[in-house]
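Secondary and tertiary structure notes
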Amino acid sequence: MGAKKASPDLLNSSFSFKSLKLKTKQQELLLRVSILGLVYVLAFIARLFSVLRYESMIHEFDPYFNYRTTLFLTEKGFYEFWNWFDSESWYPLGRIIGGTLYPGLMVTAALIYWTLRFLRFFVHIREVCVLTAPFFASNTTIVAYFFGKEIWDTGAGLVAAALIAICPGYISRSVAGSYDNEAVAIFALLLTFYLFVKAVKTGSLSWALGSAFGYFYMVSAWGGYVFIINLVPLYVLVLLITGRYSMRLYVAYNCMYILGMLLAMQIRFVGFQHVQSGEHMGAMGVFLLMQVFYFLDWVKYQLNDTKLFQTFLRITVTSAILVGGIALGVGTASGYISPWTGRFYSLLDPTYAKDHIPIIASVSEHQPTAWSSFMFDYHILLFLFPAGLYFCFKRLSDATIFIVMYGLTSLYFAGVMVRLILVATPAVCLISAIAVSATVKNLTSLLRTKQKVPQTGSTKGVGSSKSSSKVTLDQSQPFQKNGAIALLVGVFYLLSRYAIHCTWVTSEAYSSPSIVLAARGAHGNRIIFDDYREAYYWLRQNTPTDAKVMSWWDYGYQITAMGNRTVIVDNNTWNNTHIATVGRAMSSYEDEAYDIMRSLDVNYVLVVFGGVTGYSSDDINKFLWMVRIGGGVYPVIKEPDYLVNGEFRVDKGASPKMLNCLMYKLCYYRFGELVTEYGKPTGYDRARGVEIGNKDIKLEHLEEAYTTSNWIVRIYRVKPPTNRL
Amino acid sequence: MAPRTDSTSTGSAMSETSVESSIDPLFHILRTIPFSFLRPPRLRLKLPSFTLPSPMTVFSLILLTYFLVISGFIYDVIVEPPGIGSTQDPVTGAIRPVVFMSGRVNGQYIIEGLSSGFMFVMGGVGIIMLDLALDKNRAKSVKASYATAGVSSIVIGYVMSMLFIRIKIPGYLH
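Residues numbered from 1 in each chain as written. Chains lettered and ligands numbered in written order. Predicted model: local features only at pLDDT ≥ 70, side-chain atom pairs only at ≥ 80, totals over all residues. Heavy atoms only, no water.

Our focus in this paragraph is the overall build of chain B. Along chain B, the regular secondary structure elements total six helices and two strands. When its helices and strands are written in sequence order, chain B yields α-α-α-α-β-β-α-α. If you sum the accessible surface of chain B, you get close to 11,500 Å²; carbon and sulfur atoms cover 69% of it. (Helix = DSSP H or I, 4+ residues; strand = E, 2+ residues; numbered from the N terminus. Areas by Shrake-Rupley, 256 points an atom, 1.4 Å probe, with all protein chains shown as cover.)

Structure (structure tokens):
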């Protein structure tokens, strides 16, 4: 303010420093908008490690199927896509793609692609697919800000947006290139929850309508929508039990449930599950319970007589529960209401999958979670979560009850299955943000309020007792102020360690496209193994177009998308018997396997082998799962035949069935002549760390077609039957 | 129920009037034999009404569940790892215990899970104690002790967790 008088010839009267000084509200708005803008950009660029290191390509296995379907959608249009029957996978069965996928992701990417083309940005659909996930992650941070604002205040919203932008639990499934359903689904999940909480808070029909549409987007995007349709009724039930029934809740839940259910039935894959499947019955039960509550409220209002009402209440509640129970029993017994599917039942009873469904148990993402996975994905948030719960319990309201329930249920499910850490991440970030915001508020209020006390003390000079008490307060003030400053520095330090941890984890662990492998060479330089794409492109260019390829189901999507050839089984794993047939072929002797391959019209067999590079996710390490799944359908295949004393071995001490089965022969063909490591004998398998048992392998019905440069992918041609003499 | 030695005359007088109205033989038998000398007491049975527990009770239960989940209790139940691992020393041949399962991020022994979970919960409780320390309605000494306990819990919890993760994942932050 003194600058005005300093040099009047330098400053014009229209431009002075005074006009730059904003009012507090404007300052706050500027701060908030700039923080959100920075968080938005941060969420996007934190996910770009693999694009910068390798190239812009699709990662993993499942995204290749999504990419292929999106390509089909943009080329042929929506109606062709919706009614698509694909004969290139699951030969000879084929797959009704239109009716067995969740179209949300593909339609979203196609819409973005068409919008960009309309604006004359002619990008390739692959670029749009690769960058869809980071774009939606940025949008999720904005939704998290608004959600935090609803639950607590704007400070918590900002912290929540910042935490969720870099949280490794979310980054793991939404990195650039990870074109999978979860990329869009988490955005839809958080949006639906935010709109529903807003609807319960305001009781307005338009917010409830918004949440129904948010639910529809979630249903179209991911099979995890079952979580929403069970959490929201559970939340409503908890509100009813704690006596928070209100007209707002009634309007919000009814609108969301009915409209959401009707909209969800538009997706062919979901169909009529909302009225037929056991997993959706909870929502219907709570819906009917809400009607009972409303009815009782109305009767109470009409009667004006408490005693009569009490009797009426008892009769109604008993009869409602009885009728509901009988209806559920009749529905389940008659088979109209199907029981919980294996995937979701194993969440309630975690030991179920291990004993009954080997396919579900074999996926590494479905294993239960150890403490180190939690620490890896959450770091500081694990400390802040219980503190945040404490603050929520201190200030209980409809919104905080919701976030507590979301956090607890999702954390339990995350404990059962590693993959579900993703679903728990928004809740953990929001609750931790509450803890950070409340603690920082407490500390800064300590810093601020004590400043006013000496002013009042100095103006009131009367009374020695008063002055002495003020003096004692003065003595403790700087101590408290220093303590508060020290604690604030500590909070800042912890949050900066969180940021460092998240960046390190993203860079090292979650940014690898599994299709391109990297390793450190002898001199510390990075060596890239691009064998997968080499093999798929060989298939694309050197085999007849109607060739059929048999491989383990992991690679099916990639073979169809990049190799453009028909496969026998792929990652959809909808037909267990077909997969078991392939597993049986892989684990039988060559003659039996040849019969099975002839019956399936197989022309090429593809195996993945890591013995030369030390790559440990190859088919030999997955072999026991092939045996188990094959043995689950064909009792001819017995797991103990392949083990020696319960141990899986490939060296000289391995069982004879193992040494002569098709998978062994295909992986180790000509491997016995190769020297893989200095100082070790020929045929030393670097992935298992042993010298193989059977080096002299002769193939009778197959011949080697192609082996990639690092021996990771090996392709064999199935010879036609010899002429009978 | 102790049999009441009651004046049976009034009892029999009552039973005679109801005997004339009913034709059920069992009713009569039941009336005369036990209830001539037994009188049922007047009970006041109420349906148990349940009161909701206080928020802080629920919170402590939830904290316990959180501790179990975060220690990998479900992993322990399903995979059934040993409580503590062991390796054999190649030189001396003695069996040495191994606390942290190395080689994978998603694997643990039971004791390492429980101790890590305890550190996390301690850190969380430290933050809660900090908030209790800033509550205005307590004596100064109590506030000061809460504050020191809170800060020390957070520091110890954080340092130990970092130590554990560095032991578990050898290349951490490199």
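Of regular secondary structure, chain A possesses 33 helices and eleven strands. For chain A, the spread of C-alpha atoms along the principal axes amounts to about 120 × 80 × 60 Å. Across the 725 residues of chain A, 52% fall into the buried class. Taking the contacts inside chain A whose residues are at least 6 apart along the sequence as the reference set, 72% of them involve residues at least 24 apart. By element, 61% of the accessible surface of chain A is carried by carbon and sulfur atoms, the whole surface being about 32,700 Å². (Buried < 20%, exposed > 50% of the residue type's maximum accessible area, 1.4 Å probe, protein only. Contact = heavy atoms within 4.5 Å.)

Now for a nonpolar patch on the surface. Among the surface-exposed residues, A:L234, A:L237, A:I241, A:L289, B:F50 and B:L52 lie close enough to one another that they form a single nonpolar patch of about 540 Å² accessible area. Assessed through its relative accessible area of 31%, A:L289 is described here as partly exposed. (Patch = residues over 30% accessible without salt bridge, like charges linked within 9 Å, V, L, I, M, F, W, Y side chains within 5 Å. Salt bridge = Lys/Arg side-chain N within 4 Å of Asp/Glu carboxyl O.)

Moving on, we get to the nonpolar core. All names here are of chain A. One finds F147, F193, Y253, V605 and Y668 to be the most contacted residues of the largest nonpolar core, which totals 236 residues. Excluding residues that lie within four positions of it along the chain, Y668 makes contacts with F609, I620, V650, D685, R688, I692, I697 and R714. In this structure, L36, V39, Y145 and L158 belong to the second largest nonpolar core, which totals seven residues. (Core = buried A, V, L, I, M, F, W, Y, C linked by side-chain atoms within 4.5 Å.)

Residues and elements named next belong to chain A. Tracing the backbone shows S437 in helix α24 (residues 421-449). A distance of 3.4 Å separates a polar atom in the side chain of S437 from the backbone nitrogen of A156. With residues up to four places along the chain from it excluded, the contact list for S437 reads W152, D153, G155 and A156. (Polar contact = N/O pair within 3.5 Å; in protein donor to acceptor, adjacent residues only side chain to side chain.)

Quick look at the sheet that holds strand β5 (residues 548-550) of chain A now. Residues and elements named next belong to chain A. Read across the sheet, five strands follow the order β6-β5-β7-β11-β10 without closing on themselves; strand pairing throughout is mixed. Each of the sheet's edge strands pairs with one partner strand only, and the pair in question is β6 (566-567) and β10 (702-707). Taken together, the two bridges between β5 and strand β7 (residues 604-608) define a ladder with parallel strand orientation. Bridge assignment links M550 to a residue of β7, and that residue is V605. (Pairing = 2+ DSSP bridges.)

Those residues carrying the UniProt feature "domain: STT3/PglB/AglB core" (unreviewed entry) are residues 548-606 of chain A in this numbering. With 51% helix and 14% strand, the stretch residues 548-606 of chain A has end C-alpha atoms that lie 11 Å from each other. (UniProt positions renumbered as here; feature names shortened; annotations may be inferred.)

Our next topic: helix α8 (residues 125-151) of chain A. All names here are of chain A. Taking 1.5 Å per residue as the helical rise, α8 with its 27 residues ought to reach 39 Å, and the 39 Å between its terminal C-alpha atoms agrees with that figure. Along its length, α8 reaches its greatest deviation from straightness, about 40°, at T132, and the proline P134 lies no more than four positions downstream. Within α8, 20 of the 27 residues are buried, which leaves the element mostly enclosed by the surrounding structure. (Expected span 1.5 Å × (residues − 1). Bend = angle between axes of the 7 residues up to and from the residue.)

Mapped onto the present numbering, the UniProt feature "transmembrane region" (unreviewed entry) falls on residues 52-75, 109-134 and 146-167 of chain B. This span, residues 146-167 of chain B, is 100% helix and 0% strand, and a straight line between its end C-alpha atoms measures 31 Å.

What you tend to see is this: most non-glycine residues have negative phi, and most peptide bonds are trans. All names here are of chain A. Residue P92 is bonded to the preceding Y91 through a cis peptide linkage, with omega at 0°. With respect to the helices and strands, the residue P92 is situated in the loop between β1 (85-86) and β2 (95-96). A positive phi angle, near 70°, is found at R120, a position not held by glycine. When you line up the elements, R120 lands in the loop between α7 (104-118) and α8. On the basis of relative accessibility, which here comes to 59%, the residue R120 falls in the exposed class.

Another aspect to go through is the packing of helix α22 (residues 381-394) of chain A against helix α5 (residues 110-133) of chain B. One can describe the packing of α22(A) onto α5(B) by two numbers: an axis separation of 7 Å at closest approach and a directional angle of 40°. When the interaxial angle is binned, α22(A) and α5(B) end up oblique. Of the two possible hands of crossing, α22(A) and α5(B) adopt the one that is right-handed. Where α22(A) abuts α5(B), its residues A:L382, A:F383, A:L384, A:P386, A:A387, A:Y390, A:F391 and A:K394 lie against B:M119, B:F120, B:G123, B:G124, B:I127, B:I128, B:D131 and B:L132. (Axes fitted to C-alpha atoms, helices over the stretch in contact; angles between N-to-C directions. Parallel < 35°, antiparallel > 145°, perpendicular 65-115°, else oblique. Left-handed = near helix turned anticlockwise from the far one by under 90°.)

With that settled, consider the confidence of the model for chain A. All names here are of chain A. Confidence in the prediction for chain A averages 88 pLDDT; 92% of positions are at 70 or higher. Note on residues 1-7: pLDDT is under 50 here. Beyond four places in sequence and across chains, it has three contacts. Counted against residues more than four places away or in other chains, residues 453-473, with its pLDDT under 50, gives six contacts. (pLDDT = per-residue confidence, 0-100.)

This part takes up the packing of aromatic side chains. One pair of aromatic rings is described through two measures. These are the centre distance and the angle between the planes. All names here are of chain A. Inspection of the entire model under this criterion finds 57 aromatic pairs over all chains. Ring centres of F193 and Y406 lie 4.8 Å apart, and the angle between their planes is 55°; this geometry places the pair in the tilted category. Taken together, the residues span a long stretch of sequence, with F193 in helix α11 (residues 181-202) and Y406 in helix α23 (residues 398-416) at a distance of 213 residues. For Y406, a relative accessible area of 0% corresponds to the buried category. Both rings, one in Y412 and one in F413, keep their centres 5.4 Å apart while their planes meet at 55°; by these two values the pair is tilted. Here K548 stacks its cationic end above the ring of Y91, 4.8 Å away from the centre of that ring. For R628, the ring lying beneath its charged end belongs to W625, and the centroid distance is 4.6 Å. (Phe/Tyr/Trp six-rings, centres within 6.5 Å; stacked < 30°, edge-to-face > 60°. Lys NZ or Arg CZ within 6 Å of the ring centre and 35° of its normal.)

On to the packing of helix α13 (residues 225-241) of chain A against α23(A). Residues and elements named next belong to chain A. Viewed as axis vectors pointing N to C, α13 and α23 meet at an angle of 135°, and their least axial separation amounts to 10 Å. The pairing of α13 with α23 is recorded here as oblique in orientation. The interaxial crossing formed by α13 with α23 has right-handed handedness. Within the contact between the two elements, α13 uses F227, L231, L234, Y235, V238 and L239 and α23 uses D398, A399, I401, F402, M405, Y406, T409, S410 and F413. Counted by class, the contact of α13 with α23 contains twelve nonpolar, two polar and one charged residues. (Nonpolar A, V, L, I, M, F, W, Y, C, P; charged D, E, K, R; others polar.)

This part covers the confidence of the model for chain B. All names here are of chain B. In this model, chain B carries an average pLDDT of 81, and 83% of its residues clear a pLDDT of 70 or more. Of all the helices and strands in chain B, helix α1 (residues 8-21) carries the lowest mean pLDDT, 47, while α5 carries the highest, 93. In the model output, the complex is listed with pTM 0.85 alongside ipTM 0.83.

Facing 50 residues of chain B, the contacting portion of chain A comprises 47 residues. Between chain B and chain A the total buried area reaches about 4,300 Å² when both faces are included, carbon and sulfur atoms providing 77% of it. Looking only at chain B, the three residues that lose the most surface to chain A are B:Y66, B:I78 and B:Y158, adding up to 15% of its buried area. Remark: the boundary between chain B and chain A carries one salt bridge. With its nearest N and O atoms 3.0 Å apart, the salt bridge here joins B:D131 to A:K394. Put simply, chain B and chain A have eleven residue pairs in polar contact (both at pLDDT 80 or more) between them. (Buried area = accessible area lost by both parts, 1.4 Å probe.)

Take the pattern of salt bridges next. Once their charged atoms are close, side chains differing in charge can pair, the charge on each being opposite to the other. Residue and element names in this part refer to chain A. If you walk through the whole model with that rule in mind, you get 29 salt bridges over all chains. We note a salt bridge from R248 to D398, for which the minimum N-O separation is 3.4 Å. Of this pair, R248 sits in helix α14 (residues 247-264) while D398 sits in helix α23; the two residues are 150 residues apart in sequence, bridging distant segments of the chain. Among the charged side chains, a salt-bridge network with shared partners connects R173, D180, E182 and R419.

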